[in-house]
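# Survey of secondary and tertiary structure
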Amino acid sequence: MAMLLPHSSLLSLQPPLSSSSHLHSRVLASPSLIRNASSSSVTSSSISNSVPQVVVTRERGKNKQIIKALEKHGISSLELPLIQHAQGPDFHRLASVLSDKSFDWIIITSPEAGSVFLDAWKAASYPKVQIGVVGAGTARVFEEARQSTEGLLNVAFTPSKATGKVLASELPEKVGKRSSVLYPSSLKAGNDIEEGLSNRGFEVTRLNTYTTVPVHNVDTVLLKEALSAPVLSVASPSAIRKTSFI
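Residues numbered from 1 in each chain as written. Predicted model: local features only at pLDDT ≥ 70, side-chain atom pairs only at ≥ 80, totals over all residues. Heavy atoms only, no water.

Moving on, we come to the overall build of the protein. Counting its secondary structure elements, the protein contains ten helices and eleven strands. Put simply, the protein has 246 residues, and 44% of those count as buried. Pairs at least 24 residues apart make up 69% of the contacts formed inside the protein by residues separated by at least 6 positions. Counting every atom, the protein has about 12,800 Å² of accessible surface; 51% of that belongs to carbon and sulfur. (Helix = DSSP H or I, 4+ residues; strand = E, 2+ residues; numbered from the N terminus. Buried < 20%, exposed > 50% of the residue type's maximum accessible area, 1.4 Å probe, protein only. Contact = heavy atoms within 4.5 Å. Areas by Shrake-Rupley, 256 points an atom, 1.4 Å probe, with all protein chains shown as cover.)

Encoded structure:
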């Protein structure tokens, strides 16, 4: 679903620009971005080739997939990261917890949580683990590790719908014992998973291993280019919050 956002929400990052910068920008959340960006409001015939049609705002280096998808549709883009990941309060505990205790399930609900987990898993000397992921995008983070570790890492569960609530309601239990779950998560993630699993009798250990913070320094040249684009794409609530108060 798209929503309108004033371009002026970006202006506090640099000195005021001309009045033309007060045009409105359409904010789109994946996966509808490409469909909406391809509409007549942002076709190349109505916008100069020198002006990006879509601004992508995920963390630096993590916009490649959407940039390539947009290119296939003839849509130009500009990478302007508005958020970045940082270590969470439990970041340094994860490797030791993996070394000291085995779990029936490791629950991973985002690519970043998967990347942080993999680093800690390697530091813990590759213990055998069974992983449940929230969706196919998160599962892809583990493809290389699955192929190179000879069965030590098994992605064994994906829910019928990619939400925390559905995952918590569908995760298989171990027969005859209380199932244990390690949930390495974002500090800002909600409580649906641990509450849902706990209510079903699972023993849940949540570790807040990373968090999302705003990008405070933005290149003014890139910002001017971004202000000329009619579409701003956002892929997380944190990015939406960033556009609303920066």
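That shown, we press on.
What follows is about the packing of aromatic side chains. In this description, a pair of aromatic rings is defined by centroid distance and the angle of the planes. Overall, the coordinates contain three aromatic pairs when judged by the stated rule. Note on Trp105 and Phe157: the rings are 6.2 Å apart at their centroids and 70 degrees apart in plane angle, and the pair reads as edge-to-face. With Trp105 in strand 6 (residues 105-108) and Phe157 in strand 8 (residues 153-157), this pair connects stretches of sequence that are 52 residues apart. Here Trp105 matches Phe157 in class, with each residue buried. (Phe/Tyr/Trp six-rings, centres within 6.5 Å; stacked < 30°, edge-to-face > 60°.)

Let us look at the nonpolar core. Here is a general trend for soluble globular proteins: nonpolar side chains tend to be buried in one another's company. If you look at the biggest cluster of nonpolar residues, it comprises 24 residues, and the most contacted ones within it are Leu98, Ile106, Phe117, Ile131, Phe142 and Leu153. Put simply, the parts of the chain that give this core at least two residues each are helix 3 (94-100), strand 6, helix 4 (111-123), strand 7 (129-133), strand 8 and strand 10 (203-214). The next biggest cluster of nonpolar side chains, apart from the first, holds twelve residues, and it includes Val134, Leu171, Tyr183 and Ile193. (Core = buried A, V, L, I, M, F, W, Y, C linked by side-chain atoms within 4.5 Å.)

Of all residues in the protein, 75% attain a pLDDT of 70 or more, and the chain-wide mean is 79. Ranking the elements of the protein by mean pLDDT puts strand 1 (residues 2-6) last with 34 and strand 6 first with 98. (pLDDT = per-residue confidence, 0-100.)

This next bit is on the environment of Val166. Tracing the chain through its elements places Val166 in helix 7 (residues 164-170). Considered as a pair, Val166 and Asp192 are 26 residues apart in the sequence and their alpha carbons are 9.2 Å apart. Aside from chain neighbours lying at most four places away, what touches Val166 is Pro159, Ser160 and Lys161.

Attention now goes to the sheet that holds strand 9 (residues 180-186). Note: strands within a sheet are paired through backbone hydrogen bonds, in either parallel or antiparallel orientation. Strand order in the open sheet formed by six strands is 5-10-9-6-7-8, with mixed pairing between adjacent strands. Each having just a single partner strand, strand 5 (83-87) and strand 8 make up the two edges of the open sheet. Mean inter-strand twist for the sheet, computed between neighbouring axes without regard to direction, equals 30 degrees. Judged from the four bridges that link them, strand 7 and strand 8 form a sheet pairing that is parallel. For Ile131, the partnering residue across the bridge sits in strand 8 and is Val155. Most of the contacts of helix 8 (residues 192-199) go to strand 10, to which it runs at about 170 degrees, and overall it touches strand 6, strand 9 and strand 10. (Pairing = 2+ DSSP bridges. Axes fitted to C-alpha atoms, helices over the stretch in contact; angles between N-to-C directions.)

Let's shift gears to unusual backbone geometry. Negative phi values dominate among residues other than glycine, just as trans dominates among peptide bonds. At Ser125, a residue that is not glycine, the phi angle is positive and equals roughly 70 degrees. Considering the arrangement of structural elements, one finds Ser125 in the loop between helix 4 and strand 7. A relative accessible area of 58% means that Ser125 is categorised as exposed.

Looking at where Ser185 falls in the secondary structure, it is placed in strand 9. Classification of Ser185 by relative accessible area gives buried; the value is 1%. A distance of 3.4 Å separates the side chain of Ser185 from the side chain of Tyr183, its partner in a polar contact. Dropping the residues within four chain positions of it, Ser185 is found in contact with Arg206, Leu207, Asn208, Thr209 and Tyr210. (Polar contact = N/O pair within 3.5 Å; in protein donor to acceptor, adjacent residues only side chain to side chain.)

Next up on the list: the environment of Leu167. Along the polypeptide, Leu167 turns up in helix 7. Sequence separation between Leu167 and Leu197 is 30 residues; the distance between their C-alpha atoms is 8.8 Å. The residues contacting Leu167, other than those within four sequence positions of it, are Ile107, Val133, Val134, Phe157 and Pro159.

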